[in-house]
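Notes for the structure review
Read off the chains here:
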Amino acid sequence: MNEDRIADVQRRAAVNDVIAAFNQRDVEKARELALDVWGTLFQPAKLDIRDKDVLDTLVKLMVQLAPQHESCKQAKTRLVDLRQANDLDRPYHVIYDLGRYGPQFDVVTLLVQAKTLADAENRPLTVVFVPTDDGVYVKPGKYSAKEAIFRLSHICVPACTLYGAKSIILDYRNSPMPKGDWLQGLPPTHDGVMNVFERAGRLSRIRATAKARDLVSGYVNSFDKPVVAITLRNSFRSKVRNSRVEDWLEVANRLSTDYQPVFVPDTEDAFRPPDHAFPAFPIGAVDLDARLALYELSAMNFFNHNGPAVLAQYGNAPFINFGLDNEAYMSAAAWEQLRLPVGSQPPYLLARQKLVWEAPDPDRVIAEFAAIMDNT
């Protein structure tokens, strides 16, 4: 074993000792070890790209254990220098083409692919939103200009933020592109997700911010029963996918003995008084972070094949998404092309996550819910 390899093994073993002390909550010992490891094994050493991950771990520990110590400042500077020397902070860029895809939840399907690939190299990500030829933000016949701007600012840009990505909205289609490396061939469709999942073996999942979870947890904890969130769809587009509210009210009534149903209205209905006695969560219809926090804190989320379902599908929230098998919306052949054959389950789903292809009649919803809760 050569000297470089021996030094690498020593540094990693020493950092593991710091982690062990930290995990045992012996903060003083962990602090002393961290400072000593930096001073003896890292500061005087000639580090290269192979040391980036272990130095990154040590810096994170030092920030928690001795944030004001001069050694911590030195370690952070050394890490920045190492990253810059190896061009690790050069961003990846990916295009979301508003001339082909509307400002809608499809952006999450693009983000899960791009962020997974960027994270694999620990590189930042920037999403570039490209308008149509005449500079508007949606292709003709999709949404009004007013609707497009609202969706950009309330769905697309916040989704980038929740994924830790930057976003740029170009003024015109032929505006100069930012400099950097580009991720190519990532369509905001399910076949793209499958390709990336097979390539990376994992997905980078979207998460609500800690602050949103803190705020929404107060709401969720105000009930004396676990929350089940029911997200309604009532759109002028693809009306065949809209929710049958009477069916979901029956589901809510049947679950209400043991669970607290909470309805998330469609954005168009966000601030209309509900026609039922169950709690509504209107902020979730207009604020993506709050919506996702509710999903993550709920015992279960029910969707009727609506856009927000991707927040759970590519996130960590439990969910059952009903009604995908609808020939009036998409044929079996089209699902096959997207690498999601009718009746199948994607391999990246987590526990308590399921696609139910059949329509969400109340009996089916209750049976699927019972089965998934009993088996996990």
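Presented here is a report on the structure given in the accompanying data block. (Residues numbered from 1 in each chain as written. Predicted model: local features only at pLDDT ≥ 70, side-chain atom pairs only at ≥ 80, totals over all residues. Heavy atoms only, no water.)

Further remarks concern the packing of aromatic side chains. Overall, the coordinates contain 15 aromatic pairs when judged by the stated rule. Each ring, one from Tyr259 and one from Phe369, has its centre 5.1 Å from the other, and the planes form 80°; the classification is edge-to-face. Of this pair, Tyr259 sits in the loop between α9 (245-255) and β6 (260-264) while Phe369 sits in helix α13 (residues 362-374); the two residues are 110 residues apart in sequence, bridging distant segments of the chain. Classification of Tyr259 by relative accessible area gives buried; the value is 19%. Since its relative accessible area comes to 4%, Phe369 is described here as buried. Positioned over the ring face of Phe42 is Arg11, at 5.9 Å from the centre of the ring. (Phe/Tyr/Trp six-rings, centres within 6.5 Å; stacked < 30°, edge-to-face > 60°. Helix = DSSP H or I, 4+ residues; strand = E, 2+ residues; numbered from the N terminus. Buried < 20%, exposed > 50% of the residue type's maximum accessible area, 1.4 Å probe, protein only. Lys NZ or Arg CZ within 6 Å of the ring centre and 35° of its normal.)

Counting through the fold element by element, His154 comes out in helix α6 (residues 145-162). If sequence neighbours within four positions are ignored, His154 has contacts with Val286 and Leu288. At 3.0 Å, the side chain of His154 forms a polar contact with the side chain of Ser153. (Contact = heavy atoms within 4.5 Å. Polar contact = N/O pair within 3.5 Å; in protein donor to acceptor, adjacent residues only side chain to side chain.)

The alternating pattern of strand β7 (residues 300-303) places Met300 and Phe302 and Asn301 and Phe303 on opposite faces, both of which are buried. In this sheet, β7 lies alongside strand β5 (residues 227-231) in parallel orientation, the contact comprising 3 bridges. Its bridge partner lying in β7, Ala229 is registered against Asn301. In the sheet, β7 pairs with strand β8 (residues 319-322) via 2 bridges, with the strands oriented parallel. Residue Phe303 lies in a different strand from β8, and its bridge partner there is Asn321. (Pairing = 2+ DSSP bridges.)

The next thing to look at is the pattern of salt bridges. Tallied over the entire structure, the rule returns 21 salt bridges. With a shortest N-O distance of 3.1 Å, Asp51 and Arg11 are connected by a salt bridge. Of the two residues, Asp51 is situated in the loop between α2 (27-42) and α3 (52-65) and Arg11 in helix α1 (residues 3-23); the sequence distance between them amounts to 40 residues. A single burial state applies to Asp51 and to Arg11, both of which are buried. As a salt-bridge pair, Arg90 and Asp181 come within 3.0 Å of each other at their nearest N and O atoms. Here Arg90, found in the loop between α4 (70-85) and β1 (92-97), pairs with Asp181, found in strand β4 (residues 181-182); they are 91 residues apart in sequence, far enough to count as distant. Take Asp181: its relative accessible area is 24%, and that puts it in the partly exposed class. Put simply, Arg90, Glu121, Arg123 and Asp181 are held in one network by salt bridges that share partners. (Salt bridge = Lys/Arg side-chain N within 4 Å of Asp/Glu carboxyl O.)

With that settled, consider α4. The terminal C-alpha atoms of α4 lie 22 Å apart, and with 16 residues this matches the ideal 22 Å at 1.5 Å per residue to within 8%. Three or more residues of α4 are buried, namely Ser71, Cys72, Ala75, Leu79, Leu82 and Arg83. Buried residues along α4 cover an arc of 110° about the axis, so they all sit on one side. Residues of α4 that are exposed and point more than 90 degrees away from the buried face comprise Gln84 and Ala85. Summarising the contacts, the buried residues of α4 are in contact with α2 and α3. At the C-terminal side of α4, Asp87 shows a positive phi close to 60°. (Expected span 1.5 Å × (residues − 1). Arc of directions from axis to C-beta.)

Pairing is parallel across the open sheet formed by 5 strands, whose spatial order is β6-β5-β7-β8-β9. The open sheet has two edge strands, β6 and β9 (353-356), and neither has a second partner. Neighbour to neighbour, the strand axes of the sheet diverge by 15° on average, direction disregarded. The pairing of β8 with β9 spans 4 bridges and is parallel. Directly across from Asn321, in β9, lies its bridge partner Leu355. (Axes fitted to C-alpha atoms, helices over the stretch in contact; angles between N-to-C directions.)

One finds Val107, Val108, Leu111, Leu125, Phe129 and Tyr314 to be the most contacted residues of the largest nonpolar core, which totals 66 residues. The leading source of residues in this core is helix α5 (residues 106-120), at 8 residues. Setting aside anything within four residues of it in sequence, one finds Leu111 in contact with Thr116, Leu125, Val127, Ala159, Cys160, Tyr163 and Ala165. Counting residues in hydrophobic clusters, the runner-up holds 24 residues, among them Ala14, Val37, Leu47 and Ala75. (Core = buried A, V, L, I, M, F, W, Y, C linked by side-chain atoms within 4.5 Å.)

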